[in-house]
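Each chain, letter by letter, is given below.
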Amino acid sequence: MGPLLLRTTASLLVGLLAMLSIFALLRAHYAPGGGFAAGLILAGAVAVQLLAHGIDRARATLRVHPRTLVGIGLVTAAIAACLGPVAGRPLLAPLPGPHIPGVTALGSVMVFDIGVYLVVAGTAVAIMFALVEDA
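Quick caveat, the model's predicted, so the values are computed rather than measured.

## A word on the packing of helix 1 (residues 4–27) against helix 2 (residues 34–53)
So, point 1. Packing of helix 1 against helix 2 leaves a shortest axis separation of 8 Å and a crossing angle of 170 degrees. By the angle between their axes, helix 1 is roughly antiparallel relative to helix 2. Contacts between helix 1 and helix 2 involve L6, R7, A10, L13, V14, L17, A18, L20, S21, A24 and L25 on the former and, on the latter, G34, G35, A38, I41, L42, G44, A45, V48, Q49, L51, A52 and H53.
So, point 2. Its residues assigned to classes, the contact of helix 1 with helix 2 comprises 16 nonpolar, six polar and one charged.

## Re the environment of A38
So, point 1. With respect to the secondary-structure elements, A38 resides in helix 2.
So, point 2. Residue A38 is classed as buried on the basis of its relative accessible area of 0%.

## Focus: the pattern of salt bridges
So, point 1. Applying the stated criterion to the full structure yields one salt bridge.
So, point 2. Here E133 makes a salt bridge to R59, at a shortest N to O gap of 2.1 Å. On the criterion of sequence distance, the pair formed by E133 in helix 5 (residues 108–134) and R59 in helix 3 (residues 55–62) is long-range, its members being 74 residues apart.
So, point 3. Note on R59: relative accessible area 30%, which makes it partly exposed.

## Focus on the nonpolar core
Where a protein is soluble and globular, its nonpolar side chains tend to be buried together.
So, point 1. Membership of the largest hydrophobic core comes to 20 residues, with the highest contact counts inside it found for V46, L50, L62, Y117, V125, M128 and F129.
So, point 2. If you tally residues by element for this core, the top one is helix 5, at eight residues.
So, point 3. Ignoring anything within four residues of it in the chain, the contact list for L62 reads V46, L69, V125 and F129.
So, point 4. Counting residues in hydrophobic clusters, the runner-up holds five residues, among them A10, V14, A45 and A52.

## Remarks on the confidence of the model for the protein
So, point 1. Chain-level pLDDT for the protein is 85 on average; 86% of the residues reach the 70-or-more range.
So, point 2. The lowest-confidence element of the protein is helix 1, averaging 89 in pLDDT; the highest-confidence one is helix 2, averaging 93.

## Some remarks on the packing of helix 2 against helix 3
So, point 1. Close contact between helix 2 and helix 3 brings their axes to 7 Å; oriented N to C, the two are set at 150 degrees. The angle between the axes of helix 2 and helix 3 places the two elements in the roughly antiparallel class. For the pair helix 2 and helix 3, the crossing hand works out as right-handed. Contacts from V46, Q49, L50 and H53 of helix 2 reach helix 3 at I55, R57, A58, T61 and L62.
So, point 2. Classifying every residue of the contact of helix 2 with helix 3 gives five nonpolar, three polar and one charged.

## Points about a nonpolar patch on the surface
So, point 1. On the surface, L12, L16 and M19 cluster together into a nonpolar patch covering about 320 Å² of accessible area.
So, point 2. Tracing the sequence through the fold places L16 in helix 1.
So, point 3. Since its relative accessible area comes to 44%, L16 is described here as partly exposed.

Parameters at a glance
Residues numbered from 1 in each chain as written. Predicted model: local features only at pLDDT ≥ 70, side-chain atom pairs only at ≥ 80, totals over all residues. Heavy atoms only, no water. Axes fitted to C-alpha atoms, helices over the stretch in contact; angles between N-to-C directions. Helix = DSSP H or I, 4+ residues; strand = E, 2+ residues; numbered from the N terminus. Parallel < 35°, antiparallel > 145°, perpendicular 65-115°, else oblique. Contact = heavy atoms within 4.5 Å. Nonpolar A, V, L, I, M, F, W, Y, C, P; charged D, E, K, R; others polar. Buried < 20%, exposed > 50% of the residue type's maximum accessible area, 1.4 Å probe, protein only. Salt bridge = Lys/Arg side-chain N within 4 Å of Asp/Glu carboxyl O. Core = buried A, V, L, I, M, F, W, Y, C linked by side-chain atoms within 4.5 Å. pLDDT = per-residue confidence, 0-100. Left-handed = near helix turned anticlockwise from the far one by under 90°. Patch = residues over 30% accessible without salt bridge, like charges linked within 9 Å, V, L, I, M, F, W, Y side chains within 5 Å. Areas by Shrake-Rupley, 256 points an atom, 1.4 Å probe, with all protein chains shown as cover.

Okay, here's the thing in structure tokens:
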């Protein structure tokens, strides 16, 4: 169990970091490292929960196994990468999608970035859990 201050503020921090990761994913996916940075922010939210309350509560916060996140992310990124050839364009070619007000277009680039987000978050959390379980 972590210090009292961390335990009492962990719920707030986890919620804020999770929202920040979604914001970073939606607003910065055309900037370098949008999905990657957002995935690390989400892993940081799980790390706060891990430090404050232990591994069991961190696993409950995540709700899915980290390997599941990695698998879903890989499939999502592969589908987004293959959308170009299906449309008669090169592999990984950006395809336009519907525009969401206040957010950049939801095209194949965004879908690929969501895949990267899930892979990075799942990998970082799996590493954290493995380190804690070995200790």
